[in-house]
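Inside the fold
Residue-level listing of the chains:
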Amino acid sequence: MDLDINKLVTQILQGSRIGLSRSITLLESTRADHRKLSEDLLSTLLPKTGRAIRVAISGPPGVGKSSFIEALGMRLVGQGKKIAVLAIDPSSPITGGSILGDKARMEELSKSELSFIRPTPSSGVLGGVARHTRETLLLCEAAGFDVVLIETVGIGQSEIMAASMTDIFVQLHQPFSGDELQGIKKGVMELADLIIVTKADGDALTAAEIAKNELEQAVMLTRTAEHGIPSVLLTSAHKNTGIAAVWTSILSFVEQQKASGSHSQKRRAQSRQWLNQEISTELLALLNSQARFEELLKITQQRVETSGEHCSRAARNLILSLLAPCP
Ligand SMILES: Nc1nc2c(ncn2[C@@H]2O[C@H](COP(=O)(O)OP(=O)(O)O)[C@@H](O)[C@H]2O)c(=O)[nH]1
Ligand SMILES: [Mg+2]
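Everything numeric here is computed off the predicted structure, so don't read it as measured data.

The next subject is the overall build of the chain. The number of helices and strands found in the chain is 15 helices and seven strands. Within the chain, the fraction of its 327 residues that count as buried is 34%. In the chain, the proportion of contacts linking residues at least 24 apart, taken out of those at least 6 apart, comes to 73%.

Encoded structure:
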């Protein structure tokens, strides 16, 4: 690996995709010396970050996320914009299938000089994935990407993670005929800033229109105007319809947030949240690095199991005895 940080900085600022890939490999490395270098790299580049529109694209497997990103990405690339696509899919390191699927689905976009596509980081730990994705996003911004799309599967933690690093959360739904709404209602209400019904073409067009109406009614009932009521739009990636309207809607959402101050507020809240997560991660790493950690952990585990010691007290005592200066 080429570890000349100054060279990497120059390459990234020039928008080099090779420099970008090398830097991402560096920040995904678990070696302590690599970690330090990637922190140096990020610190140097930090003043050059923050300018992209950050968009989360979420929905269950097969809903059409990658196909939608291909259609939107090609449109933006056609306008001369640089597009980065990052993926958070906790299942992909296990199955491997979705990475192959995504590459095939984003075939044209991946060939464009103006695009950069990166699958989910290989680290299995969700906390690690979050850190890598955030840091990759910052590198992409320093490299001059105008839009960063984060594709994520619509399940629990990975969805929340994507929302915690983006300006707008776009939720994709399949066309459906009515009964399925109950199950998805809650998820729709909490995170979505914009809702899309995909595959609005051919035989599915009527079901897509029904789904749009149902979703519109659902958001009216459960979201207050104060928190914003998301629009519901129809798209077809195959027929390339509705894509321009989605982009207009994303831009106007972000513009409104900027005008009201919520955009910078949201980003500040996101960095505070990131800091809190890093404190937990770093603390755990610090504990792990103590020579007596394994031994004390085993003893504490036994105490909790056999003598019923309260976990939170046992955890605190473990931490204090590891971090307290030796007498
Ligand atoms: N009819 C139709 N099928 C689509 C459309 N978009 C995606 N699909 C199909 O839906 C399947 C899943 O698409 P994909 O983009 O990989 O979904 P993802 O798992 O959410 O990324 C594929 O078989 C696509 O061909 C669309 O606009 N219309
Ligand atoms: Mg996909």
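From this point, things continue past the structure.
With that settled, the discussion passes to helix H1 (residues 5–13). For H1, the full list of buried residues reads Leu-8, Gln-11 and Ile-12. Within H1, the buried residues cover an arc of 95° as seen down the axis, which keeps them to one side. Of the exposed residues in H1, the ones pointing more than 90 degrees away from its buried face are Asn-6 and Thr-10. Once H1 ends, the next one or two residues include Gly-15, with phi positive near 80°.

Our focus in this paragraph is the site of ligand 1. Residues in contact with ligand 1 amount to 17 residues; listed here are only the nearest, Gly-64, Lys-65, Ser-66, Ser-67 and Ala-237. It is helix H4 (residues 65–78) that contributes the most residues to the shell around ligand 1, three residues altogether.

Bringing the sheet that holds strand S2 (residues 83–88) into the picture now. Taken together, the seven strands give an open sheet; going across it, the order is S3-S2-S4-S1-S5-S6-S7, and neighbouring strands pair in parallel fashion. Single-partner strands in this sheet number two, and they are strand S3 (115–118) and strand S7 (231–234). Going across the sheet, the axis of each strand differs from the next one's by a mean of 20°, ignoring polarity. By the bridge criterion, four bridges tie strand S6 (residues 194–197) to S7 in an arrangement that is parallel. Bridge assignment links Ile-196 to a residue of S7, and that residue is Leu-233. Relative to strand S4 (residues 147–153), helix H9 (residues 156–163) is tilted by about 165°, and along the sheet it contacts strand S1 (53–59), S2, S4 and strand S5 (168–173).

Next up on the list: the environment of Ser-249. Along the chain, Ser-249 falls in helix H12 (residues 243–260). With 55 residues separating them in the primary sequence, Ser-249 and Leu-194 have C-alpha atoms 8.0 Å apart. If near-sequence neighbours (up to four positions away) are discounted, Ser-249 is found in contact with Leu-194, Ser-231 and Leu-233.

With that settled, consider the nonpolar core. With 64 residues, the main nonpolar core has Ile-57, Leu-139, Cys-140, Phe-145, Val-148, Leu-149 and Ile-150 as its most contacted residues. In terms of residues, this core owes the most to one element, helix H8 (residues 126–142), which gives seven residues. Here this core gathers at least three residues from each of two domains, domain 1 (1–48) and domain 2 (49–260). In this structure Leu-149 touches Val-55, Ile-57, Ile-69, Ile-83 and Val-85, once residues within four positions along its chain are discounted.

Rules of the game
- The residue numbers shown here count from 1 along each chain, following its written sequence.
- Each chain takes a letter, starting from A, and each ligand takes a number, starting from 1, following the order in which they are written.
- Given that this is a predicted model, residues contribute local features only at a pLDDT of at least 70 and side-chain atom pairs are listed and counted only at 80 or more, while totals for whole chains, interfaces and linings are drawn from all residues.
- Helix and strand assignments come from DSSP, with helices taken as H or I runs of at least 4 residues and strands as E runs of at least 2, each series counted from the N terminus.
- Any residue surrounded by 20 or more other C-beta atoms within 10 Å of its C-beta is treated as buried, while 12 or fewer makes it exposed and the intermediate range makes it partly exposed; C-beta atoms here are placed from the backbone.
- Contact between residues is assigned whenever the C-beta positions, reconstructed from backbone atoms, fall within 7 Å.
- Of all possible arcs, the one meant is that of the directions from the helix axis to the C-beta atoms.
- As a rule, any residue with its backbone-derived C-beta atom within 6 Å of a molecule or strand is reported as near that molecule or strand.
- The pairing criterion for strands is at least two bridges between them, as found by DSSP.
- Only the stretch in contact is used when a helix axis is fitted, and all axes are lines through C-alpha atoms; the angle between N-to-C directions ranges over 0 to 180 degrees.
- Under the definition applied here, buried Ala, Val, Leu, Ile, Met, Phe, Trp, Tyr and Cys residues are grouped into a nonpolar core through C-beta atoms within 7 Å.
- An automatic or database domain assignment supplies the start and end points of every domain.

Bear in mind that shape data such as this cannot, by itself, settle questions of function.
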